Amino acid sequence: MTTTPRPHLDPHQSRTREPTLYERRLAATLEQIFTHDGHELTDVITGLNARQIPAPDGTPWTEESFRAEMHRLGA
């Protein structure tokens, strides 16, 4: 039995540029929150605000601002 090699999948294949410092910091913070605080949207919002990571406009996160930012980032 022979197997056909699968093409290499690059996890960043759709990326058109390197992430900004803000995007890298946000991703690292979200990873911490998912690991330590929970996976629910309320956990994420509480975790971001507790870690003093402001929304893009400098205000505390809300569910609406988080959804809008994830949409903007293509997540």
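The preceding data block contains the structure.
Keep in mind that what you see is a predicted model, and the values were worked out from it rather than measured.

What counts, and at which threshold
- Residues numbered from 1 in each chain as written.
- Predicted model: local features only at pLDDT ≥ 70, side-chain atom pairs only at ≥ 80, totals over all residues.
- Heavy atoms only, no water.
- Helix = DSSP H or I, 4+ residues; strand = E, 2+ residues; numbered from the N terminus.
- Buried < 20%, exposed > 50% of the residue type's maximum accessible area, 1.4 Å probe, protein only.
- Contact = heavy atoms within 4.5 Å.
- Polar contact = N/O pair within 3.5 Å; in protein donor to acceptor, adjacent residues only side chain to side chain.
- Arc of directions from axis to C-beta.

**A closer look at the environment of Ser65**
Point 1. Along the chain, Ser65 falls in helix α3 (residues 63-73).
Point 2. We classify Ser65 as partly exposed; its relative accessible area is 22%.
Point 3. Between the alpha carbons of Ser65 and Ala55 there is a distance of 7.0 Å; along the sequence they are ten residues apart.
Point 4. Here Ser65 is in contact with Ala55 and Pro60, once residues within four sequence places are set aside.
Point 5. Polar side-chain contacts of Ser65 include one of 2.8 Å to the backbone nitrogen of Thr62.

**Considerations on α3**
Point 1. Residues Phe66, Glu69 and Met70 constitute the buried set of α3. Buried residues along α3 cover an arc of 100° about the axis, so they all sit on one side. Exposed residues lying more than 90 degrees from the buried face of α3 are Glu64, His71 and Arg72.
Point 2. Each element contacted by the buried residues of α3 is listed here: α1 (21-36) and α2 (41-50).
Point 3. Downstream of α3 by one or two residues, Gly74 has phi in the positive range, about 80°.

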